[in-house]
Amino acid sequence: MIDFSDNAILNGLKACHSGSVKYIYKNYFPLARSFVLKNSGIQQDAEDVFQDGIIILYEKIRFGSITLNCSLKTFFYSICKNIWMQRLDRKWRLLYQADFVNESYEDYEPIQIEVKEEEAEKKRLYHLHLLSLPPDCQKILGMFLSKASLKEIAECMGFKDINYAKTRKYLCKNMLRKKILNDPQYKMFFLYE
Amino acid sequence: MSDREKLPELIDRYNNGELTDDELSVFLEMIKNNPRLRDEVKLDHDLNDILADTDILELRKVIISVQKKHSKGKRPDLYLILLAASLLLLIGIEIHLFMDKTRHNPTDKSIVMTPLKIKVQDYHQQVNKPDLKMETKNHGIAAADQKPELKIADNLIKNPSLENMIGTTRNAGYFKILSPIGDHHFCEKEGITFEWTWNGSNKVELKIIDNKGANIYESGLLSQNKISIPVGAIKPGLYYFKILQKEEIIYFGKFVIE
């Protein structure tokens with residue numbers, strides 16, 4: 001695979017380019033996964049950490065709050081590591097044993113990067129439930145969230161009037177809320193509040 | 001519309017600041033007394049904030065797509081393992097079938113003879129070595145798709161009733177058969193010789209019957225302890241013979257003419 005410069009990857013990620021995401025996944029993810037798996041995690045945890053890590057990295061790029069004093073690989077690994085450590089601390093506080101953290105990668109000294117792990121998980125949860133809604137609901141909510149007017153939504157969706165568009169919006173939003181509220185992962189947020 | 005049915009709308013309008021004063025006071029009272037509703041309102045507020053960032057939602061879709069593709073990309077490894085296992089299984093089956101086919105459908109003379117010999121031996125063990133006829137369509141050099149046929153002539157089939165009679169009887173006294181012993185095989189072209197020891201005062205006679213019980217040969221009373229049957233007098237097959245004294249059987253045996 002072609003090696004890209006850190007800047008090229010960051011620019012690609014800023015543009016939501018799938019090539020950048022793929023590059024990070026192939027080249028950076030194995031290290032993060034290794035850390036998660038060595039510390040009470042499973043493959044799915046590692047995949048979740050990867051998603052959250054990319055989103056956090058993207059937000060840092062977008063808001064210009066990223067200063068690379070190391071390689072992007074190290075930076076991304078530190079994000080993922082921080083996410084997983086916070087998550088362990090939050091969810092499995094009793095299971096988390098710092099002594100057992102196996103830092104076998106000497107080149108990857110942990111860097112203190114601020115990550116809002118809980119927020120990242122909430123976002124992932126909301127997104128996943130939104131993406132699990134019926135396509136028409138996804139479309140309606142997407143348009144509402146993009147601040148489209150009721151008239152525009154009614155026209156786009158072929159609804160007879162704006163009142164029906166409004167009702168559909170409430171129903172879809174309600175469906176989404178119910179799905180999230182019934183998700184055991186969501187309930188865990190309240191256990192630690 | 002009931003208040004319950006109106007709730008989704010009220011939640012949405014509350015978070016968008018669209019409720020009238022009267023609606024707001026009623027709704028706040030509902031929230032105060034309903035923790036579940038309170039959670040819903042909070043969640044709705046979060047959703048409005050988080051889902052409004054459509055760029056991140058789009059990025060999420062990209063990430064999920066990459067993860068899915070990667071996991072699909074890994075599948076061939078599993079497929080390869082399954083394929084390899086299937087191939088091994090097929091090869092195993094093929095080898096088994098080939099071995100089986102080779103045993104029954106030889107393509108080489110040297111291969112032909114060994115399994116056939118085994119079959120002959122097996123058969124002989126089963127029938128106490130009676131003669132048998134084997135016919136291969138290719139006379140030993142069989143084509144791959146030709147199967148040798150093992151035919152047992154009717155005159156080689158053992159007669160269970162006669163088989164049970166084999167051996168000396170209580171009248172035998174000091175009679176002892178010297179030849180043929182057991183399931184002796186004679187060659188058709190060599191002639192057949194019967195020989196025994198007998199110190200009885202009476203003469204004995206020899207009778208030969210085929211495997212169906214039909215009389216084939218009667219020697220009449222014999223003064224000596226040996227008799228030869230001329231070559232060609234008896235056709236190949238399984239035969240039983242009896243040595244009699246005063247028409248009483250003193251010995252019953254069998255032989256095969258090949």
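Refer to the structure presented above.
Residues numbered from 1 in each chain as written. Chains lettered and ligands numbered in written order. Predicted model: local features only at pLDDT ≥ 70, side-chain atom pairs only at ≥ 80, totals over all residues. Heavy atoms only, no water.

S.K.: Explanation requested: the overall build of chain B in the structure shown.
M.R.: Looking only at helices and strands, chain B features six helices and 11 strands. In chain B, which comprises 258 residues, the proportion classed as buried is 36%. A separation threshold of at least 6 residues defines the contact pool for chain B, and within that pool the share at least 24 residues apart is 59%. Surface accessibility of chain B: about 15900 Å² in total, with carbon and sulfur atoms responsible for 54%. (Helix = DSSP H or I, 4+ residues; strand = E, 2+ residues; numbered from the N terminus. Buried < 20%, exposed > 50% of the residue type's maximum accessible area, 1.4 Å probe, protein only. Contact = heavy atoms within 4.5 Å. Areas by Shrake-Rupley, 256 points an atom, 1.4 Å probe, with all protein chains shown as cover.)

S.K.: It is not clear to me how the overall build of chain A should be interpreted in this structure. Could you clarify?
M.R.: Scanning chain A for helices and strands turns up 10 helices and zero strands. N-terminal to C-terminal, the α/β element order of chain A is α-α-α-α-α-α-α-α-α-α. The buried share of chain A, taken over its 193 residues, is 48%. Accessible surface, chain A: about 9800 Å² in total, of which carbon and sulfur atoms supply 53%.

S.K.: Sorry if this is basic, but what is going on with the packing of aromatic side chains here?
M.R.: To describe a pair of aromatic rings, one takes the distance between the centres and the angle between the planes. Residue and element names in this part refer to chain A. Counting across every chain of the model gives 18 aromatic pairs over all chains. Relative to tyrosine 77, the ring of phenylalanine 35 lies with its centre 6.1 Å away and its plane at 90°, an arrangement referred to as edge-to-face. Residue phenylalanine 35 is found in helix α3 (residues 29–38), and its partner tyrosine 77 is found in helix α5 (residues 72–91); the two are separated by 42 residues along the sequence. Summarising the burial analysis for this pair, phenylalanine 35 and tyrosine 77 share the class buried. Taking the centre distance of 4.9 Å and the plane angle of 80° together, the rings of phenylalanine 159 and tyrosine 164 count as edge-to-face. Accessibility expressed as a relative area gives 15% for phenylalanine 159, which makes it buried. A relative accessible area of 34% places tyrosine 164 in the partly exposed class. An aromatic cluster of at least three residues, connected via ring pairs, comprises Tyr23, Tyr25, Tyr28, Phe29, Phe50 and Phe76. (Phe/Tyr/Trp six-rings, centres within 6.5 Å; stacked < 30°, edge-to-face > 60°.)

S.K.: Got a minute to help me understand the sheet that holds strand β9 (residues 226–229) of chain B in this structure?
M.R.: Backbone hydrogen bonds hold the strands of a sheet together, and the pairing may be parallel or antiparallel. Residue and element names in this part refer to chain B. Read from one edge to the other, the open sheet built from three strands follows the order β4-β6-β9, with strand pairing classed as antiparallel. Lying at the two open borders of the sheet, with one neighbouring strand each, are β4 (176–179) and β9. The mean inter-strand angle of the sheet, taken between neighbouring strand axes irrespective of direction, is 20°. In this sheet, strand β6 (residues 192–197) lies alongside β4 in antiparallel orientation, the contact comprising three bridges. Along β6, the bridge assignment pairs lysine 176 with threonine 197. (Pairing = 2+ DSSP bridges. Axes fitted to C-alpha atoms, helices over the stretch in contact; angles between N-to-C directions.)

S.K.: Help me out: how do you make sense of the side chain of asparagine 48 of chain B in this one?
M.R.: Locating asparagine 48 of chain B in the fold gives a position in helix α3 (residues 35–51). Judged by relative accessible area, which is 18%, asparagine 48 of chain B ranks as buried. Residue contacts for asparagine 48 of chain B: discarding those within four places in its chain leaves Leu145 and Lys173 of chain A together with Asn15 and Asn16 of chain B.

S.K.: Sorry if this is basic, but what is going on with the pattern of salt bridges here?
M.R.: It is possible for side chains of opposite charge to pair when their charged atoms get near one another. Counted under the stated rule, the structure contains 24 salt bridges over all chains. Note that arginine 87 of chain A and glutamate 117 of chain A form a salt bridge whose closest N and O atoms lie 2.5 Å from each other. Taken together, the positions of arginine 87 of chain A in helix α5 and glutamate 117 of chain A in helix α6 (residues 117–131) put the pair 30 residues apart, joining distant regions of the chain. Given a relative accessible area of 3%, arginine 87 of chain A falls into the buried group. Note that glutamate 163 of chain B is salt-bridged to lysine 254 of chain B, the shortest N-O span being 3.0 Å. Here the residue glutamate 163 of chain B occupies a position in helix α6 (residues 160–163), and lysine 254 of chain B occupies one in strand β11 (residues 248–257), the gap between them amounting to 91 residues. Given the relative accessible area of 5%, lysine 254 of chain B is considered buried. Sharing partners across several salt bridges, the network here consists of Asp48, Asp52, Arg87, Glu117, Glu121 and Arg124 of chain A together with Arg60 of chain B. (Salt bridge = Lys/Arg side-chain N within 4 Å of Asp/Glu carboxyl O.)

S.K.: Which parts of the structure should I look at to understand the packing of α6 of chain A against helix α9 (residues 162–181) of chain A?
M.R.: Between two packed helices, both the angle of their axes relative to each other and the distance between the axes serve to describe the pair. Residue and element names in this part refer to chain A. At a closest axis distance of 10 Å, the pairing of α6 and α9 adopts a crossing angle of 125°. If you check the angle between α6 and α9, you find them oblique. The hand of the α6/α9 crossing is right-handed. In contact with Tyr126, His129 and Leu130 of α6, α9 contributes Leu176, Lys179 and Ile180. A breakdown of the residues in the contact of α6 with α9 according to their chemical character gives four nonpolar, one polar and one charged. (Parallel < 35°, antiparallel > 145°, perpendicular 65-115°, else oblique. Left-handed = near helix turned anticlockwise from the far one by under 90°. Nonpolar A, V, L, I, M, F, W, Y, C, P; charged D, E, K, R; others polar.)

S.K.: Looking at this model, I keep getting lost on helix α7 (residues 135–145) of chain A. Mind explaining?
M.R.: One turn of an α-helix holds 3.6 residues; hence residues three or four places apart share an orientation. Those residues of α7 of chain A not exposed but buried are Cys137, Ile140, Leu141, Met143, Phe144 and Leu145 of chain A. Next to the buried residues of α7 of chain A lie α6, α8 (150–157) and α9 of chain A together with α3 of chain B. Taken from the residues just after α7 of chain A, lysine 147 of chain A is the one with a positive phi, measuring 65°.

S.K.: Help me understand a nonpolar patch on the surface, please; the structure alone is not making it clear to me.
M.R.: A surface patch of nonpolar side chains, amounting to about 1100 Å² of accessible area, comprises Leu83, Leu87, Leu88, Leu89, Leu90, Ile91, Ile93, Ile95, Leu97, Phe98 and Met99 of chain B. When you line up the elements, leucine 83 of chain B lands in helix α4 (residues 54–104). (Patch = residues over 30% accessible without salt bridge, like charges linked within 9 Å, V, L, I, M, F, W, Y side chains within 5 Å.)

S.K.: Please clarify how the interface of chain A and chain B should be interpreted in this entry.
M.R.: Frequently, the measure chosen for interface size is the accessible area that the parts lose on association. Taken together, the contact pairs 40 residues of chain A with 33 residues of chain B. If you look at where chain A meets chain B, you find 10 salt bridges. For lysine 173 of chain A, the salt bridge identified is with aspartate 12 of chain B, shortest N-O distance 2.9 Å. In this structure, the connection of chain A to chain B is made through 13 residue pairs in polar contact (both at pLDDT 80 or more). (Polar contact = N/O pair within 3.5 Å; in protein donor to acceptor, adjacent residues only side chain to side chain.)

S.K.: Can you walk me through the environment of tyrosine 25 of chain A in this structure?
M.R.: Its location among the elements puts tyrosine 25 of chain A in helix α2 (residues 18–27). Note on tyrosine 25 of chain A: relative accessible area 3%, which makes it buried. Sequence-wise, tyrosine 25 of chain A and phenylalanine 50 of chain A are 25 residues apart; in three dimensions their C-alpha atoms are separated by 7.8 Å. Filtering out sequence-adjacent residues up to four positions away, tyrosine 25 of chain A remains in contact with Pro30, Glu47 and Phe50 of chain A together with Val66, Gln67 and His70 of chain B.

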